[in-house]
Amino acid sequence: NFTPFFHLRWSYFLPFLLYHSIPTTYLCRLFLLLQLLVLNKIRKDEFDYIIFEGGAYFQCQNYLKYFKKHQMVLHLHHTGYSNKNCDEVFDKLIGVSNHVIKEFSTTSSIKKSYLLKNAADIEQFKKRLTNKEKEQLRSNLKIGKEDFVILYCGKKKKKKGVLELVKAVNNT
């Protein structure tokens, strides 16, 4: 018996540039408005869990009018700190690393935490391309035959070492 599932990520609503061009006070109001719109849409349905992904999770008290605390789950992809509102709303914490869980737990009274690491299906990366497929891909992406390509996937944070990667490539 499968319960309907509704997944919400605030980033689906706001393009990156728009997100960074709105003053914080307006952004918080916009997040609250979006939460109320989503809540209005899902409040009559039955769910096992409501999982919140980042964003303005500190403004989720309205969900407790329609869902029980044991259904409320906070899924963190970043280190952050809890507050009274978080602790009153969420019963469980899912973190993508032990570090995320540990940092958040230092300021939270949420007792149930689970580790769910980000994952990738490495089988998708094992495919060997023929020379013809490589040429077609380079052509589609407008990458010259002699161009040197580096692919980086992650946040542009100092601690990630992106600057060092760029400097290393420039020195070769």
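What you see is a predicted model; the values in this text were computed from it and never measured. (Residues numbered from 1 in each chain as written. Predicted model: local features only at pLDDT ≥ 70, side-chain atom pairs only at ≥ 80, totals over all residues. Heavy atoms only, no water.)

**Quick notes on the overall build of the protein chain**
Here's step 1: A count of helices and strands for the protein chain gives 6 helices and 5 strands.
Here's step 2: Going residue by residue from the N terminus, the α and β elements of the protein chain occur as β-α-α-β-β-α-β-α-β-α-α.
Here's step 3: Relative to its 172 residues, the protein chain shows a buried fraction of 27%.
Here's step 4: Working note: accessible area of the protein chain is about 13,300 Å², and carbon and sulfur atoms make up 57% of it. (Helix = DSSP H or I, 4+ residues; strand = E, 2+ residues; numbered from the N terminus. Buried < 20%, exposed > 50% of the residue type's maximum accessible area, 1.4 Å probe, protein only. Areas by Shrake-Rupley, 256 points an atom, 1.4 Å probe, with all protein chains shown as cover.)

**Some points on unusual backbone geometry**
Here's step 1: If you check the backbone angles, K142 has positive phi at about 60° while not being a glycine.
Here's step 2: One can find K142 in the loop between helix 5 (131-140) and helix 6 (162-170).
Here's step 3: For K142, a relative accessible area of 75% translates into the label exposed.

**Observations concerning the nonpolar core**
Here's step 1: In terms of nonpolar packing, the biggest core is built from 21 residues, with I50, F52, Y63, F67, M72, L74 and F90 touching the most fellow members.
Here's step 2: Going through the elements one at a time, helix 2 (24-42), strand 2 (50-53), strand 3 (72-76), helix 3 (84-89) and helix 4 (98-105) are the ones with two or more residues in this core. (Core = buried A, V, L, I, M, F, W, Y, C linked by side-chain atoms within 4.5 Å.)

**Some remarks on the pairing of strand 5 (residues 112-115)**
Here's step 1: Both strand 4 (residues 92-95) and strand 5 contribute to a ladder of 4 bridges, which runs parallel. The residue bridging G95 from the neighbouring strand is L115, located in strand 5. (Pairing = 2+ DSSP bridges.)

**Quick word on a positive patch on the surface**
Here's step 1: There is a patch of like positive charges on the surface, built from K155, K157, K159 and K160.
Here's step 2: Assignment of secondary structure puts K160 in the loop between helix 5 and helix 6. (Patch = residues over 30% accessible without salt bridge, like charges linked within 9 Å, V, L, I, M, F, W, Y side chains within 5 Å. Salt bridge = Lys/Arg side-chain N within 4 Å of Asp/Glu carboxyl O. Lys, Arg positive; Asp, Glu negative; His and termini not counted. Charge placed at Lys NZ, Arg CZ, Asp CG, Glu CD.)

**Description of the pairing of strand 3**
Here's step 1: Counting buried positions along strand 3 yields 5 of 5 residues, so the element is predominantly enclosed.
Here's step 2: With burial as the criterion, each face of strand 3 is covered, one bearing M72, L74 and L76 and the other bearing V73 and H75.
Here's step 3: As paired strands, strand 3 and strand 4 are joined by 4 bridges and run parallel to one another. Paired with V73 across the strands is K92, a residue of strand 4.

**Overview of the pattern of salt bridges**
Two side chains of opposite charge can pair, provided their charged atoms sit close to one another.
Here's step 1: With the rule as written, the count across this model stands at 5 salt bridges.
Here's step 2: Measuring nitrogen to oxygen at the nearest pair gives 2.8 Å for the salt bridge that ties K92 to D91.
Here's step 3: Taking relative accessible area as the criterion, K92 reaches 10% and is therefore assigned buried.
Here's step 4: Note that K127 and E133 form a salt bridge whose closest N and O atoms lie 3.8 Å from each other.
Here's step 5: The exposure class of K127 is exposed, given its relative accessible area of 57%.
Here's step 6: Each of D91, K92 and K112 takes part in salt bridges that share partners, so that together they form one network.

**Remarks on the side chain of S108**
Here's step 1: Positionally, S108 belongs in the loop between helix 4 and strand 5.
Here's step 2: Here S108 falls in the buried class, since its relative accessible area comes to 14%.
Here's step 3: The residues touching S108, leaving out its near neighbours within four places in the chain, are S82 and D87. (Contact = heavy atoms within 4.5 Å.)

**Observations regarding the packing of aromatic side chains**
Here's step 1: Under the defined criterion, the tally for this structure stands at 4 aromatic pairs.
Here's step 2: On the numbers, 6.5 Å between centres and 25° between planes, the contact of Y63 with F67 is stacked.
Here's step 3: By relative accessible area, which is 2% here, Y63 ends up buried. (Phe/Tyr/Trp six-rings, centres within 6.5 Å; stacked < 30°, edge-to-face > 60°.)

**Things to note about the confidence of the model for the protein chain**
Here's step 1: Taken residue by residue, the protein chain gives an average pLDDT of 80. The fraction at 70 or more is 80%.
Here's step 2: The secondary structure element of the protein chain with the lowest average pLDDT is helix 1 (residues 16-21), at 47, and the one with the highest is strand 5, at 94.
Here's step 3: Across residues 1-20, where pLDDT falls below 50, the model places 33 contacts with residues more than four positions away in sequence or in other chains. (pLDDT = per-residue confidence, 0-100.)

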